[in-house]
Amino acid sequence: MGYHLVYPPIDSGSGIRCSASTPSFPAGFWCNKHWDVQAGSGFCVRFPEGQETAATSSSSCRRVNHSVRCDATPPPPPSLSSGTGVLQQLQGRQLQPCFSSSSNSYPVSFSSKPIQGFSSPHGLIGRNSSSSFSMLQESALVSTETEAGADDVTTPLALTGSYPEGELGKIFVGNLPYHIKNEAVRSFFTQFGPVRDVICIRSYTDPEKNRGFCFVFFGGPDPNAAAMRAAEFDGVEFHGNPLRVKLDDGRRERERREERERWVKSGGDREFRSEWHQEREEASSRFRRVIEFGPHDTRNVVAAFGKIEKPKRGDYALLVNYYGKKGDKHSARSMFERMRATGIDPNVHVYTNLVHAYAMAQDMRGATACVEEMEAEGVAPNPATHSVLISGFAKLGNAEAAEHWFQRAKNKGWAPNAVLYHNIINAYCKAGDMGKAEALVAEMEAEGLEAILGLYNTMMDGYAQCHDESKCLHVFHKLQASKYGMTPTIVTYGCLLHLYTKLGKMTKALEVSKEMEAQGIAHNQKTFSMIMAGYVQLGDTGNAFSVFEDMANAGIKPDVVTYNILVNAFCRNRQMDRAMQLLVRMREGGNVPTFQTYTTIIDGFMKIGDVPMALEIVHDMKMGGCRPTAATYNVVMNGLMRDGQMERAASIIDEMVLAGVVPNERSYTTLMEGYARVGEIGKSFQYFNRIKDEGLNVDVISYGSLLKACCKAGRMQNAIAVTKEMTSAGFPMNNFIYNILLDGWAQRGDMWEASDIMQQMRQQGFAPDIHSYTSFVNACCKAGDMQKAMETMEQMKQMGVQPNLRTYTTLIHGWASASYPEKALACYDEMKAAGLKPDKALFHCIMTSLLSRAAVARETVFDGVLRVTSEMVDLGICVDLATVRHWQKYLVKAERWSGDLTEAVERIFPPDWNPELEVRRKEDAAVSLEDSHIVDTQQEGHLQEEWVSEEDEASMVN
């Protein structure tokens, strides 16, 4: 038997002063003489029975969880017989013994004054506030003396629990996700020490689910130390849930044993609590079951909570946590204040749940305010609180703020753990700083912490965001070779799918899909959506829709995200009828369209020029209860701007204000670019100044929009002045700004100024990208220097930048302008050999180039025209009537009557084109032209006759 004293956190410490003046003290106790809490130094002393002298131990003492842990070998357990001791004012008190194994024991406390009416089953309550106390392993009780003149105020002094009922290193883990498996729990708690066993308590109704709690048994040389480290992270987030981690001190087993003993003595009558307590416990259990099995029905959850008469702190904490998961910070705060109004003081666990609610709502300012509030209330944030804050800033990509809270957690003196490292590494991965993330992984390994499964997935996702295939695969293979038996999960394979779909390597993505299925891992909604998004990115709407059908056949119900991916695909391909059909199917499936759904469809109609239909969708959006956002109004303004309705577009700003939607920076920059297109640069500057007047952030995009306005108007000197103002405002030059300047000089055909911009980019450390090279090629083509354009093409290939469709279109247009159709056709063949698929704009460009030379080099261009038109027919591409009439001029010059060339080109004319009507229209036009010519001749003759008659009259007069 022994006693293990602890002290609550205190501001200053004066050390422990021991004396042997008080009788009836247990013999052979340990204390920490002159232990200084702030300095963290001291030594252990043992007082033998009946002696006052002390034998100094050379063992080192260290602070562990507000305690002093002595590493010396403990003496034989002291007895409770009378002896010389130092405990003052405790004569006649019955001391509560505890069975201690390493670093824990049952609660016991003491005071420097007699305590009246003592009845606590756990020992004496109270201590002097001006004394310093320590937790000593295998110790008895130690008295303290107050400082001179200090007030004697009694405060609780708790002792940590041990494991009297058997197994060491055992913890209780509550609030587990119901779908979690033993392997995931084992992998998570391995960071605190070797895990010997995990026992999850299964649900009564569904054996595949657990009841939300389990027991973890640590092994190794010091299982209790590992259990204490794990207990420090009570409230840490795990798969979206803040865990309840407690040391299992055997209290429940002891209570059940005592209850069985009472039941036996009473003859079989079981002892129950009062009927009111029993009803409240049943209502609380029903509330927990509603959250477990019906978390999506908020109304039922609130109703179940309302049926609890006088809810306990745990009930309030559970509801605050429920609102936190949904990101409903207002309801979480309301329930938190309601709990305090009932007289229940929030503990660190409840505060952490509230912080989590603000973090889920992406209100990190409110989350940090909650931490300041809890510190002002005297509730110290624990590692779980810091973990929630770091995770919240990580989701926003704010690595700087996450680093601040990470360093603050380290300065608290807590032992390093994998959870904090995981969250800060995730922050840097979200920010794209993989170098810093790799350094933190190395630091974590140097601390002796093993990476958990979630960390592997985070690093893989970070590399996928950076398109770093080799490093992503390296982490994946490292996970497979892990000595802790971790295996890839669906999240791991999802990271690989995300990587390959981002890179456009759908073949490899399908290989990953097959490997995942071979491992017995079935696809879920997210993996199907990733594959669909990959096909949509490549413009392959057919395969994307096939994956959608496979998803439905697999019994997986598509959600709003899945539908939005397909809607976006159809709108990008201008298949608005199919997009509307999908919208109807989405509603029939019980999915409510979001503002992203409506905004995408509105943008699709605006791009095809159907402004009335787009405005009708806006009306349907409002009638359906979906409030348009600033992004929706910006799309409407952009569509009206492309349609030439600038005044109508400008009036949208006033409609936004009336609807309660605040215009953002993009609202004004959209209008700036619109007025730049029509040459009204003055209004562009006017809206730029309005951004400043409204108190909005003038960012690089705002300056870029103003720069585009100057370049569109050909005012390059004004553009240079804007760049100088931007740099003086603290915004350095970047590729985005340089490319706008390149476009401006290219529009003017000033190849030398464009070349100077390219040189400035390289000197500033910016590598020209595909946009930069394409703009410079355009400048060369406008200047007529096709040799320089071809040299630039070779240079960009040597630099690892592959020409895209726009680059080849620009070059083909340059050769066409230079009257070299054979060169344009050679570029077209080179583009197809590179694996690029021509679009309608490129087909128009190459055909115009060939037909323009058909009259002088018919035999040269005929084969090219026949080949290109055949490809257009295979792809189902037709030209519009305006293009038909434009090409007809070239065909008439090449062939007086309809021949092979005309027949080849007519295959791609629209179905409603009628050559007879065109011939009749031409004849009518010719007749009208001839008639007008005759009329003009007659009028000229009449005027000539009048002029002659006037001369005759004049001569006659003479």
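Looking at an unreviewed UniProt entry, the protein chain carries the name RRM domain-containing protein, with the source organism given as Sphagnum troendelagicum.

(A) Representation of the overall build of the protein chain in the model. Each helix and strand in the protein chain was counted, giving 40 helices and 11 strands. Within the protein chain, the proportion of its 958 residues that are buried is 46%.

(B) Quick peek at the packing of helix α28 (residues 700-712) against helix α29 (residues 716-728). Axis separation between α28 and α29 bottoms out at 8 Å; the angle between their running directions is 165°. Comparing their axes, α29 and α28 come out roughly antiparallel. At the point where α28 passes α29, the crossing takes the left-handed sense. Between α28 and α29, the residues in contact are Tyr703, Leu706, Leu707, Cys710 and Cys711 and Met716, Asn718, Ala719, Val722, Thr723, Glu725 and Met726, respectively.

(C) How the structure looks around the pattern of salt bridges. The final tally for this structure, using the stated rule, is 28 salt bridges. For glutamate 549, the salt bridge goes to arginine 585, with nearest N and O atoms at 3.4 Å. Linking glutamate 549 in helix α19 (residues 541-553) with arginine 585 in helix α21 (residues 576-588), this pair joins segments that are 36 residues apart in sequence. For glutamate 549, a relative accessible area of 25% corresponds to the partly exposed category. Residue aspartate 699 is joined to arginine 666 by a salt bridge in which the shortest nitrogen-to-oxygen separation is 3.3 Å. Of this pair, aspartate 699 sits in the loop between α27 (681-693) and α28 while arginine 666 sits in helix α26 (residues 665-677); the two residues are 33 residues apart in sequence, bridging distant segments of the chain.

(D) View of the environment of glycine 674. When you line up the elements, glycine 674 lands in helix α26. By relative accessible area, which is 1% here, glycine 674 ends up buried. The sequence separation of glycine 674 and alanine 709 amounts to 35 residues, and the corresponding C-alpha distance is 8.4 Å. Ignoring anything within four residues of it in the chain, the contact list for glycine 674 reads Met641 and Met646.

(E) Fine view of the side chain of lysine 170. Looking at the secondary structure, you find lysine 170 in strand β6 (residues 170-174). Separated by 3.0 Å, the side chains of lysine 170 and aspartate 248 make a polar contact.

(F) Highlighting the state of the cysteines. Counting across every chain of the model gives zero disulfides. Just so you know, cysteine 429 is unpaired, no disulfide at all, and the nearest cysteine sulfur is the one on cysteine 466, 8.0 Å from it. The class of cysteine 429 is buried, set by a relative accessible area of 4%.

(G) Seen up close, a negative patch on the surface. Among the surface-exposed residues, Glu275, Glu279, Glu282 and Glu309 lie close enough to one another that they form a single negatively charged patch. With respect to the helices and strands, glutamate 275 occurs in helix α4 (residues 275-293).

(H) Region of interest: the packing of aromatic side chains. The final tally for this structure, using the stated rule, is 23 aromatic pairs. Between tyrosine 675 and tyrosine 687, the aromatic rings sit 5.9 Å apart at their centres with planes inclined by 15°, giving stacked as the arrangement. Placement of tyrosine 675 in helix α26 and of tyrosine 687 in helix α27 is noted, with a sequence separation of 12 residues between them. Residue class for tyrosine 675 comes out buried when judged on its relative accessible area of 2%. Pairing tyrosine 738 with phenylalanine 766 gives two aromatic rings, centres 6.0 Å apart and planes at 55°, and the pair type is tilted. Placement of tyrosine 738 in helix α30 (residues 735-747) and of phenylalanine 766 in the loop between α31 (751-763) and α32 (770-783) is noted, with a sequence separation of 28 residues between them. What links up through ring pairs into an aromatic cluster is the set Phe188, Phe189, Phe192, Phe233 and Phe238. One residue, lysine 823, lies across the ring of tryptophan 815, its end atom 5.8 Å from the ring centre.

(I) Focus on unusual backbone geometry. Even without being glycine, asparagine 175 reaches a positive phi, approximately 60°. Secondary-structure assignment places asparagine 175 in the loop between β6 and α1 (182-189). A relative accessible area of 21% means that asparagine 175 is categorised as partly exposed. The phi dihedral of glutamine 362 falls on the positive side, at around 60°, and the residue is not glycine. Of note, glutamine 362 is situated in the loop between α8 (348-360) and α9 (364-376).

(J) Representation of the sheet that holds strand β8 (residues 210-218). Pairing is antiparallel in the open sheet, where four strands are placed in the order β7-β8-β6-β11. Only two strands of the sheet have a single neighbouring strand rather than two, namely β7 (195-202) and β11 (244-247). Ignoring strand direction, the axes of neighbouring strands in this sheet form an average angle of 20°. Note: β6 against β11, four bridges, orientation antiparallel. Directly across from valine 173, in β11, lies its bridge partner valine 245.

Definitions and limits used
- Residues numbered from 1 in each chain as written.
- Predicted model: local features only at pLDDT ≥ 70, side-chain atom pairs only at ≥ 80, totals over all residues.
- Heavy atoms only, no water.
- Helix = DSSP H or I, 4+ residues; strand = E, 2+ residues; numbered from the N terminus.
- Buried < 20%, exposed > 50% of the residue type's maximum accessible area, 1.4 Å probe, protein only.
- Axes fitted to C-alpha atoms, helices over the stretch in contact; angles between N-to-C directions.
- Parallel < 35°, antiparallel > 145°, perpendicular 65-115°, else oblique.
- Left-handed = near helix turned anticlockwise from the far one by under 90°.
- Contact = heavy atoms within 4.5 Å.
- Salt bridge = Lys/Arg side-chain N within 4 Å of Asp/Glu carboxyl O.
- Polar contact = N/O pair within 3.5 Å; in protein donor to acceptor, adjacent residues only side chain to side chain.
- Disulfide = S-S within 2.5 Å.
- Patch = residues over 30% accessible without salt bridge, like charges linked within 9 Å, V, L, I, M, F, W, Y side chains within 5 Å.
- Areas by Shrake-Rupley, 256 points an atom, 1.4 Å probe, with all protein chains shown as cover.
- Lys, Arg positive; Asp, Glu negative; His and termini not counted.
- Charge placed at Lys NZ, Arg CZ, Asp CG, Glu CD.
- Phe/Tyr/Trp six-rings, centres within 6.5 Å; stacked < 30°, edge-to-face > 60°.
- Lys NZ or Arg CZ within 6 Å of the ring centre and 35° of its normal.
- Pairing = 2+ DSSP bridges.

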